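# Inside the fold
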Amino acid sequence: MSVKIEDSWKAVLEPIFQKDYFKNLIQFVKSEYQNKTKKIYPPGSLIFHAFDSTPFNKVKVVIIGQDPYHGPNQAHGLAFSVNRGVSIPPSLRNIYQELERDLGIEPPEHGCLDSWAEQGVLLLNAILTVEAGNPASHKNKGWEQFTDDVIQILNDQKQYLVFLLWGKFAQEKGKNIDNQKHLVLKASHPSPLANRSNFIGCGHFSKANEYLKNHGIKPIDWKIS
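What comes next is a walk through the structure. (Residues numbered from 1 in each chain as written. Predicted model: local features only at pLDDT ≥ 70, side-chain atom pairs only at ≥ 80, totals over all residues. Heavy atoms only, no water.)

## A closer look at the overall build of the protein
Within the protein one finds 8 helices and 6 strands. Ordered by position from N to C terminus, the α and β elements of the protein give α-α-β-α-β-α-α-β-β-α-β-α-β-α. Since a compact globule built from 225 residues should have a radius of gyration of about 17 Å, the 17 Å found for the protein is in line with a globular shape. For the protein, the residues scored as buried account for 55% of the 225 residues in total. Partitioning the intrachain contacts of the protein with sequence separation of at least 6 by distance along the chain shows that 68% fall at a separation of at least 24. As presented, the protein carries roughly 10,700 Å² of accessible surface, and 45% of it is formed by carbon and sulfur atoms. If the 26 positive side-chain charges of the protein are averaged to one point and the 23 negative ones to another, these points end up 1 Å apart. (Helix = DSSP H or I, 4+ residues; strand = E, 2+ residues; numbered from the N terminus. Rg over C-alpha atoms; globule rule 2.2 N^0.38 Å. Buried < 20%, exposed > 50% of the residue type's maximum accessible area, 1.4 Å probe, protein only. Contact = heavy atoms within 4.5 Å. Areas by Shrake-Rupley, 256 points an atom, 1.4 Å probe, with all protein chains shown as cover. Lys, Arg positive; Asp, Glu negative; His and termini not counted. Charge placed at Lys NZ, Arg CZ, Asp CG, Glu CD.)

As structure tokens, this is what we get:
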């Protein structure tokens, strides 16, 4: 298992890496990847793909997901995103629907959100690994505490971020964000299984860009390349 994390994140997260819970978490994750009877997603080299794609000093927008997709070739370390060539998941189709309604952006034929990440959209799952075919199998192993720490560091050390909190889980995860320093936008989860009553129509993409521009920050090109 090969694990790497981008240098600017490594610098701010170094105190977290020294905590006992994180050391225990890494031991658990290593043992899972080394277990020949299990398949773990995403590939080890992509566990921290969200951080590698969106350096700490470039974060503009944070979208919080739950845990990785657990089907073959889906997860690649970004919340809501899947590898090219994989069927677009229902939640992401609904995100594309709102993107088209809000900004007139035609939905792409793939579900890879790398182009968002590279512009400063941190696509952060609360849990970063999962066993194939077994959703939430790595729940309560330490990932939630780690991503809580990440959100707290972003909240404390940066300003004028946009947090998109879709659904009760993400909203609970972001409950301590300082909305005097940052823009916090909430809507229902885009999943077809959720009550999407206020996701379609939320206008989060245009609202995020308006806020960024108002604070002298280059907006996100939400068109997916």
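## Description of empty space enclosed by the protein
In total, this model carries 1 cavity of 30 Å³ or more according to the counting rule given. What the largest cavity holds in volume is close to 40 Å³. In this structure, the largest cavity is lined by Ile64, Gly65, Gln66, Phe80, Trp166, Phe169, Ala170 and His189. For the lining of the largest cavity, the elements supplying multiple residues, two or more each, are β2 (61-65) and α7 (168-173). (1 Å grid on protein atoms, 1.4 Å probe; cavity = no way out; pocket = protein on both sides within 12 Å on 5 of 7 lines; lining within 4 Å. Points joined across faces, edges and corners; volume = space filled by probe spheres on them.)

## Notes on the pairing of strand β6 (residues 183-187)
If a strand is regular, its side chains alternate between the two faces of the sheet. Two elements, strand β5 (residues 162-166) and β6, share 5 bridges in a ladder whose sense is parallel. Residue pairing across strands places Leu165 opposite Lys186, the latter belonging to β6. Assessed by its sense of winding, the connection that carries the chain from β5 through α7 to β6 is right-handed. (Pairing = 2+ DSSP bridges. Right-handed = clockwise from strand over helix to strand, strands pointing away.)

## Brief notes about the side chain of Lys60
Mapped onto the secondary structure, Lys60 falls in the loop between α3 (49-53) and β2. In this structure Lys60 is buried but unpaired, with Asp221 as the nearest side chain of opposite charge at 11 Å. Only 2.8 Å separates the side chain of Lys60 from the backbone oxygen of Lys218, close enough to count as a polar contact. Those residues in contact with Lys60 that sit more than four places away from it in its chain are Gln119, Gly120, Tyr160, Leu161, Val162, Leu212, Ile217, Lys218, Pro219 and Ile220. (Salt bridge = Lys/Arg side-chain N within 4 Å of Asp/Glu carboxyl O. Polar contact = N/O pair within 3.5 Å; in protein donor to acceptor, adjacent residues only side chain to side chain.)

## A closer look at the sheet that holds strand β3 (residues 121-125)
The parallel open sheet is built from 4 strands, whose spatial order is β3-β2-β5-β6. Two strands bound the open sheet, and with one partner strand each, they are β3 and β6. Mean inter-strand twist for the sheet, computed between neighbouring axes without regard to direction, equals 20°. Examined bridge by bridge, β2 and β3 share 5 bridges and lie parallel to one another. Residue pairing in the sheet places Ile63 in a bridge with Leu123 of β3. Sitting on the sheet, helix α6 (residues 143-157) is in contact with β2, β3 and β5, with an inclination near 150° to β3. (Axes fitted to C-alpha atoms, helices over the stretch in contact; angles between N-to-C directions.)

## Regarding α6
For α6, which comprises 15 residues, the first-to-last C-alpha distance of 21 Å matches the rise-based estimate of 21 Å (1.5 Å per residue) to within 8%. Considered for burial, the residues of α6 that qualify are Trp143, Glu144, Phe146, Thr147, Asp149, Val150, Ile151, Ile153, Leu154 and Asn155. (Expected span 1.5 Å × (residues − 1).)

## Focus on the layout of surface pockets
Considering only enclosed or pocket space, the largest pocket measures out at about 590 Å³ in volume. Around the largest pocket, the lining is made up of 31 residues, and of these Gln66, Asp67, Tyr69, Ser91 and His189 lie nearest the centre. The set of elements that each furnish at least two residues to the lining of the largest pocket consists of α4 (90-103) and α7. Residue classes in the lining of the largest pocket are distributed as 17 nonpolar, 12 polar and 2 charged. (Nonpolar A, V, L, I, M, F, W, Y, C, P; charged D, E, K, R; others polar.)

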